[in-house]
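Understanding the architecture of this molecule
In case you want the letters, here they are:
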Amino acid sequence: MASAADFDLFRTSEEHEMLRDAVRSLAEAKIAPFAAEVDEQARFPQEARDALETNDLHAIHVPEAYDGSGADALSTVIVIEEVARVCASSSLIPAVNKLGSMPVQLSGSEELKAKYLGALARKEGMFSYALSEPEAGSDAAGMKTRAVRDGDFYVLNGVKRWITNAGVSEFYTVMAVTDPEKRSKGISAFVVEKGDEGVSFGAPEKKLGIKGSPTREVYFDNVRIPADRMIGAEGTGFATAMKTLDHTRVTIAAQALGIAQGALDYAKGYVQERKQFGKAIAEFQGIQFMLADMAMKLEAARQITYAAAARSERSDPDLTFFGAAAKCYASDAAMEITTDAVQLLGGYGYTRDYPLERMMRDAKITQIYEGTNQVQRIVMARQLLKG
Ligand SMILES: Cc1cc2nc3c(=O)[nH]c(=O)nc-3n(C[C@H](O)[C@H](O)[C@H](O)COP(=O)(O)OP(=O)(O)OC[C@H]3O[C@@H](n4cnc5c(N)ncnc54)[C@H](O)[C@@H]3O)c2cc1C
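Quantities reported herein were computed from a predicted structural model and do not represent experimental measurements.

Next up on the list: the packing of aromatic side chains. To describe a pair of aromatic rings, one takes the distance between the centres and the angle between the planes. Under the definition given, this model contains 10 aromatic pairs. When the ring of Tyr 116 is compared with that of Phe 171, the centres are 5.4 Å apart and the planes differ by 70°; the resulting orientation is edge-to-face. Within this pair, whereas Tyr 116 is found in helix 6 (residues 110-121), its partner Phe 171 is found in strand 4 (residues 171-177), the two being separated by 55 residues in sequence. Across the pair, Phe 171 and Tyr 116 agree in class, each one buried. Plain terms: the ring middles of Tyr 348 and Tyr 354 are 5.9 Å apart, the flat faces sit at 70° to each other, and that makes the pair edge-to-face. The partly exposed category is assigned to Tyr 354, whose relative accessible area is 22%. Of the aromatic side chains, those joined through ring pairs into one cluster are Tyr 266, Tyr 270, Tyr 348 and Tyr 354. The ring of Phe 153 has Arg 224 lying over it, and the distance from NZ or CZ to the ring centre is 4.5 Å.

Written out as structure tokens, the structure is:
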């Protein structure tokens, strides 16, 4: 039987709503004014980074023991959601700071945690997560990047592709093969620093959306790092990488929610202003039904995302299912909602004079990264069919 405490999970606390109000005000004042320009010029949203760091919102998941705010998973979701509501590219600052640092938080030694989580919290550098490679996307365990032990060091060689915020971030969690015979159990995780000799970056990818978030290849050419930069024991890197994604898929769901909310809010205002046939188009039932469907899908996506955040906070055994379900459901909903929002603006929605075509382009990535939505369905089905 469900208890009263279970039901509370479905309602955000007063504190969470205060956080939402604060982030919304900040995002509207300091991030929204640059969103169109950041997209148009495909440039990093430095204004957003400054605003988030000044207000200690860039990585609120870092525990207090490492100089962080120690905020819970739902608070992190709310920060990402509210930033994405005005600028999806900027929301990748808190989202990828969590993605990149989560392996250290989950599996790192006390020394690694103190050094790197502390540096992130103190704004000494952002974190990125380097799992994917040119030939290893959905099949990430097929990676080729090698780490070979040499005394008290490991030497890394290889290429990572599609690394969000690469070049801007100071710190990188890098998954590399330490024992090629063992496939996923022969992969280990390491912290690599931007300044380590032999680390370099490719040109930014030219993308459909999230153009303000640089996505680059990262090259490792005989990068020699101390052995104590390994995260957890040798051979546990792939398990740590997957456990990380269980938690951070919830943050991609949050990003999708925010983009969809931004699109719905804008379209709702527009249909009440725009007149055709002598009245506001919001008075037509066909328009009202579209708005109702958009809001219904958005609210369902929010509920599953917040339920997943509660499971992330407690590291519940069903987090793997919920993380995949929330990411998949919310990103599909965001794609539908942003597409319908463009439709509600008619021809104007199709132009860059309005923010909706940007939101529709930005929504698409949420169906692809941190595992495509086909992969999320594989993850969910495995959970359903196991044991
Ligand atoms: C903008 C951007 C940012 C990214 N950021 C990062 C990052 O920071 N760090 C990082 O490590 N990675 C990152 N990625 C990589 C991302 O996670 C991968 O692109 C994604 O996992 C898919 O891999 P792939 O592109 O190689 O596609 P593929 O794996 O080649 O997939 C191609 C198609 O086949 C489908 N498919 C593959 N296998 C199956 C199957 N078994 N059953 C059914 N369908 C299947 C896929 O769903 C997809 O539709 C990013 C990608 C992009 C585009």
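Splitting the protein by domain gives domain 1 (4-121), domain 2 (127-234) and domain 3 (238-386). Between the C-alpha centres of domain 1 and domain 3 there is a distance of 19 Å. Taken together, the 29 residues of domain 1 in the interface contact 33 residues of domain 3. On the surface where domain 1 and domain 3 come into contact, there are four salt bridges. Taking the shortest distance from any N to any O, the salt bridge between Arg 361 and Asp 39 comes out at 2.8 Å.

In the vicinity of the ligand there are 18 residues, among which Ser 132, Ser 138, Trp 162, Thr 164 and Thr 372 approach most closely. Thr 164 places a side-chain nitrogen or oxygen 2.7 Å from a nitrogen atom of the ligand. One of the side-chain nitrogen or oxygen atoms of Thr 372 is found 2.6 Å away from an oxygen atom of the ligand. Calculation on the ligand without its partners gives an accessible area of 980 Å², and the protein chains cover 64% of this total. Here the ligand is seated within the largest pocket. A per-element tally of the shell around the ligand places strand 3 (residues 153-164) first, with three residues. A domain split of the shell around the ligand shows at least three residues from each of domain 2 (127-234) and domain 3 (238-386).

Turning to the pattern of salt bridges, a few remarks are in order. In this structure the tally under the stated criterion is 28 salt bridges. A salt bridge links Asp 265 to Arg 85; the nearest nitrogen and oxygen atoms lie 2.9 Å apart. Of this pair, Asp 265 sits in helix 7 (residues 237-273) while Arg 85 sits in helix 4 (residues 73-86), and the two are 180 residues apart along the sequence. Under the relative-accessibility criterion, Arg 85 is labelled buried at 12%. Between Asp 196 and Arg 229 there is a salt bridge whose closest N-O contact spans 2.9 Å. On the criterion of sequence distance, the pair formed by Asp 196 in the loop between strand 5 (187-193) and strand 6 (199-201) and Arg 229 in the loop between strand 7 (215-226) and strand 8 (230-231) is long-range, its members being 33 residues apart. What emerges from the salt-bridge pattern is a single network uniting Glu 17, Arg 20, Arg 24, Glu 81, Glu 82, Glu 299 and Arg 302.

Before going further, it helps to spend a moment on the UniProt feature "domain: Acyl-CoA dehydrogenase/oxidase C-terminal" (unreviewed entry) in the protein. UniProt records the feature "domain: Acyl-CoA dehydrogenase/oxidase C-terminal" (unreviewed entry) for residues 235-385 in the present numbering. Between the C-alpha atoms that bound residues 235-385 there is a distance of 26 Å. The span itself is 77% helix and 3% strand.

Rules behind the numbers
- Position numbers for residues start from 1 in each chain and track the written sequence from start to end.
- Per-residue local features are limited, in this predicted model, to residues with pLDDT of at least 70; the limit for side-chain atom pairs, both in listing and counting, is 80 or more; totals at the level of whole chains, interfaces and linings are taken over all residues.
- The side-chain quantities take in all heavy atoms of the structure and omit both hydrogens and water.
- Centres within 6.5 Å make a pair out of two Phe, Tyr or Trp rings, where for Trp the six-membered ring is used; the pair is then stacked when the planes are under 30 degrees apart, edge-to-face when over 60, and tilted otherwise.
- The way it works is that DSSP assigns letters per residue, a run of H or I at least four long becomes a helix, a run of E at least two long becomes a strand, and they are numbered from the N terminus.
- For the exposure calls, accessible area comes from a 1.4 Å probe over protein chains only, and a residue counts as buried if that area is under 20% of its type's maximum, exposed if over 50%, partly exposed in between.
- In this analysis the charged atom, NZ for Lys or CZ for Arg, is taken to sit over a ring once it is within 6 Å of the ring centre and within 35 degrees of the ring normal.
- Segment limits for the domains were obtained from an automatic or database-derived domain assignment.
- Here a residue-residue contact requires only that any non-hydrogen atoms of the pair lie within 4.5 Å.
- Any Lys or Arg side-chain nitrogen found within 4 Å of a carboxyl oxygen on Asp or Glu counts as a salt bridge.
- Being near a molecule or strand, for a residue, comes down to having at least one heavy atom within 4 Å of it.
- Two N or O atoms form a polar contact when they lie within 3.5 Å of each other; inside protein one atom must be a possible hydrogen donor and the other a possible acceptor, and for residues adjacent in sequence the pair counts only when both atoms belong to side chains.
- For the accessible areas, the method is Shrake-Rupley and the probe is 1.4 Å, while residue cover comes only from the protein chains on display.
- Whether a set of points on the 1 Å grid over the protein atoms alone is a cavity depends on a 1.4 Å probe fitting there but being unable to get out, while an open set qualifies as a pocket with protein on both sides within 12 Å along at least five of seven lines; lining residues are those with an atom within 4 Å of a point.
- A molecule is counted as occupying a cavity or pocket when more than half of its atoms fall within 2 Å of that pocket's grid points.
- UniProt positions are given in the numbering used here, feature names are shortened, and annotations may be inferred rather than shown by experiment.

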